[in-house]
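Architecture at a glance
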Amino acid sequence: MGDAASHRHRPVPGILTFIAADTANFILFFGYFMVERLHQPALFARSAAQLHIQLGLLNTVILITSGWLVALAVEAARAAEMAQVRRRLLGAIGLGLCFAIVKAIEYGVKIADGLTPQTDAFFTFYYVFTGVHLLHYAIGMALLVATAVMARTGRTDTGFTGWIESCALFWHMVDLLWVFLFAMLYLQGAR
Amino acid sequence: MKALRGPTAIWALLMLATVAGFGTARAGGWGFAVVILAATFKAHLIVRHYMELRFAPPAWRLVFDGLVGLSGAIILGLHVLA
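Everything numeric here is computed off the predicted structure, so don't read it as measured data.

On to the overall build of chain A. Looking only at helices and strands, one finds 6 helices and 0 strands in chain A. Tracing chain A from N to C terminus, the helices and strands come up as α-α-α-α-α-α. Its C-alpha atoms put chain A at 55 × 35 × 25 Å along the principal axes. By residue count, 52% of the 191 residues in chain A fall in the buried class.

By secondary structure assignment, the location of A:Lys103 is in helix H4 (residues 82-112). The residues contacting A:Lys103, other than those within four sequence positions of it, are A:Asn59, A:Tyr126, A:Thr130, A:Leu134, A:Trp178 and A:Tyr186.

This paragraph deals with the UniProt feature "transmembrane region" (unreviewed entry) in chain B. According to UniProt, the positions carrying the feature "transmembrane region" (unreviewed entry) are residues 31-50 and 62-81 of chain B. Annotated as residues 31-50 of chain B, this span is 100% helix and 0% strand, and its ends, taken at the C-alpha atoms, are 28 Å apart.

Glancing now at the packing of helix H5 (residues 121-153) of chain A against helix H6 (residues 160-186) of chain A. Residues and elements named next belong to chain A. Across the interface, H5 lies against H6 with an axial gap of 10 Å and an inter-helix angle of 160 degrees. One way to sum up the angle between H5 and H6 is to call them roughly antiparallel. The interaxial crossing formed by H5 with H6 has left-handed handedness.

What follows is about unusual backbone geometry. All names here are of chain B. Notably, Arg-26 is not glycine yet its phi reads approximately 65 degrees, a positive angle. Residue position: Arg-26 is located in the loop between helix H2 (7-22) and helix H3 (30-50). By relative accessible area, Arg-26 is classed as partly exposed at 27%.

Residues and elements named next belong to chain B. An ideal rise of 1.5 Å per residue puts 30 Å on 21 residues; H3 measures up with 29 Å between its terminal C-alpha atoms. By the criterion of burial, H3 is predominantly enclosed, with 15 of the 21 residues buried. Just beyond H3, the residue with positive phi is Glu-52, at close to 60 degrees.

Another aspect to go through is the pattern of salt bridges. Two side chains of opposite charge can pair, provided their charged atoms sit close to one another. Residues and elements named next belong to chain A. Applying the stated criterion across every chain, the model contains 4 salt bridges over all chains. Across the pair Glu-106 and Lys-103 runs a salt bridge whose closest N-O atoms are separated by 2.9 Å. Placement of both Glu-106 and Lys-103 in helix H4 is noted, with a separation of 3 residues, approximately one turn of the helix. According to the relative accessible area criterion, Lys-103 is buried, its value standing at 1%.

Rules of the game
- Residues numbered from 1 in each chain as written.
- Chains lettered and ligands numbered in written order.
- Predicted model: local features only at pLDDT ≥ 70, side-chain atom pairs only at ≥ 80, totals over all residues.
- Heavy atoms only, no water.
- Helix = DSSP H or I, 4+ residues; strand = E, 2+ residues; numbered from the N terminus.
- Buried < 20%, exposed > 50% of the residue type's maximum accessible area, 1.4 Å probe, protein only.
- Contact = heavy atoms within 4.5 Å.
- UniProt positions renumbered as here; feature names shortened; annotations may be inferred.
- Axes fitted to C-alpha atoms, helices over the stretch in contact; angles between N-to-C directions.
- Parallel < 35°, antiparallel > 145°, perpendicular 65-115°, else oblique.
- Left-handed = near helix turned anticlockwise from the far one by under 90°.
- Expected span 1.5 Å × (residues − 1).
- Salt bridge = Lys/Arg side-chain N within 4 Å of Asp/Glu carboxyl O.

Have a look at this one:
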């Protein structure tokens with residue numbers, strides 16, 4: 001991230017179209033959940049209160065910090081500092097793994113408590129939305145790992161900067177969607 | 001100014017907004033408005049700085065600002081109606 005004037009109106013990576021469409025799709029999810037919540041706000045608030053808010057917060061911190069490391073890795077790639085790219089990507093991937101571990105613990109605890117997708121409408125939404133998000137997360141992790149392998153094996157001569165920028169955009173989308181999912185599912189109380 | 005816009009400064013702002021939003025967790029009404037405003041601010045920072053939309057043509061900035069604004073508006077608007 002250099003001086004703004006030197007980067008004005010960069011070419012837009014093609015992946016941005018996909019990210020915009022995917023984000024729009026999630027907005028439909030948000031709307032669907034909130035409209036259903038209109039019919040039974042007390043039940044939704046009661047069920048939301050059974051989520052582990054600290055685990056949700058921990059995963060928010062993990063994704064924000066992982067996104068920061070990916071942004072730093074992109075900076076390093078532009079400066080052709082490949083050792084820095086590798087270190088920062090490995091840090092982002094390590095934190096990314098923590099996200100999956102926390103999520104697995106959360107799902108495990110919920111299922112052990114008898115809170116499954118069949119429990120009520122809130123938990124159906126909770127498992128579907130966080131599951132779809134987890135799928136995006138898995139794709140993002142695979143892209144980060146592939147990028148780290150490319151950086152390690154030195155296959156970085158042609159188009160590597162464009163590749164890592166596109167992968168970073170996808171990873172930031174995973175973070176962006178989680179920001180709203182966390183607020184809507186975990187932090188919403190009854191009026 | 002560059003330092004204030006760098007990835008580390010944005011990370012610090014994202015963490016501060018997370019703490020601010022968490023302060024009124026599980027509240028309704030105005031408390032939840034704080035949660036959603038903090039979330040929308042965080043999404044705006046991610047889009048503008050980490051996704052670097054601030055360097056994109058105006059039409060793309062408008063699309064992503066619109067998506068972020070719409071997300072916050074739909075969640076908060078329908079929360080208020082409940």
